[in-house]
Amino acid sequence: MDDTTLPPIAIWIADIVKYEHIPNETPLLVTSQGGVPFFWESMVKEGGFMLIPNLRDPMSYKSFLPQSLASKIPFSFTKIEELKKIFGVVDESDMDEYTQDTLKICEKSPNLRGEHSICATSAEDLIDFVVEKLGNHVRVWSTESIEGSYGNVTIGSVKLIVGNLSEPPALCHSQLLPFQIYYCHVLDKVKIYAVDLHARKKVNHAIMACHYDTSTWTPKHLNILLLRF
């Protein structure tokens, strides 16, 4: 695979899977590059200001594979060479590193209390996981666009859309692979907000999640390191 076809990726996306080994200066470095993807709940107040990170899905130009095809892909770190061969991933390329990191994320055991996770390689797998964990009556939210990325925006209307800490939501994050894959996890004690972002006018309608139980997180968790700036 020609890495020149890959879109530019914010530095924090590459660092997030290696947070236990990043140098002490990395949080300030990432912050100076245009905002971080984490925040304190106290920052999400109407009339306040927030430096917004890159909101673009780095793999938005990739599509899910049909389940019948995705199920045949050797999606395992032990078979990474076979996986790379199928998609033409060059050794020691950026995509080689992203593939290794994604497989590590997908094969690690859940490390947060009450966490259930899956790496969905097809739309069918994602739907099956959500229905199994949350039931048939679910609602879907997503940030509307990439507008406001790297900007210092004003917080507009703030609406709590998931506030029952006993009913965990499913949070899904796009991962870096030659095809579309989402790491989805169901977590206890999380609130979800819908937030309007304004520059000179309303530019976006963002979805933000707040974790209410971080007692099992390592002190070196990237979220914690970045919020100490």
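That block above? That's the structure.
To keep things clear, this report deals only with the structure shown in the data block.

Thresholds, definitions, all that
Residues numbered from 1 in each chain as written. Predicted model: local features only at pLDDT ≥ 70, side-chain atom pairs only at ≥ 80, totals over all residues. Heavy atoms only, no water. Helix = DSSP H or I, 4+ residues; strand = E, 2+ residues; numbered from the N terminus. Buried < 20%, exposed > 50% of the residue type's maximum accessible area, 1.4 Å probe, protein only. Contact = heavy atoms within 4.5 Å. Areas by Shrake-Rupley, 256 points an atom, 1.4 Å probe, with all protein chains shown as cover. Core = buried A, V, L, I, M, F, W, Y, C linked by side-chain atoms within 4.5 Å.

**Concerning the overall build of the chain**
Check the secondary structure of the chain and you find 7 helices and 7 strands. Along its sequence from the N terminus, the chain presents helices and strands in the succession α-α-β-α-α-α-β-α-β-β-β-β-β-α. When burial is assessed residue by residue, the chain has 41% of its 229 residues classed as buried. Long-range contacts, defined here as pairs at least 24 residues apart, represent 70% of the contacts in the chain between residues at least 6 apart. When the accessible surface of the chain is totalled, it reaches about 12800 Å², and 53% of it is carbon and sulfur.

**Regarding the nonpolar core**
Membership of the largest hydrophobic core comes to 13 residues, with the highest contact counts inside it found for Leu65, Ile73, Leu83, Cys119, Phe179 and Ile181. For this core, the secondary-structure elements that each account for two or more residues are helix H4 (80-87) and helix H5 (94-107). The element that contributes the greatest number of residues to this core is H5, accounting for 3 residues. The residues contacting Cys119, other than those within four sequence positions of it, are Phe75, Cys106, Ile181, Tyr182 and Tyr183. One finds Val153, Ile155, Val195 and Ala206 within the second-largest nonpolar core, a separate group that totals 12 residues.

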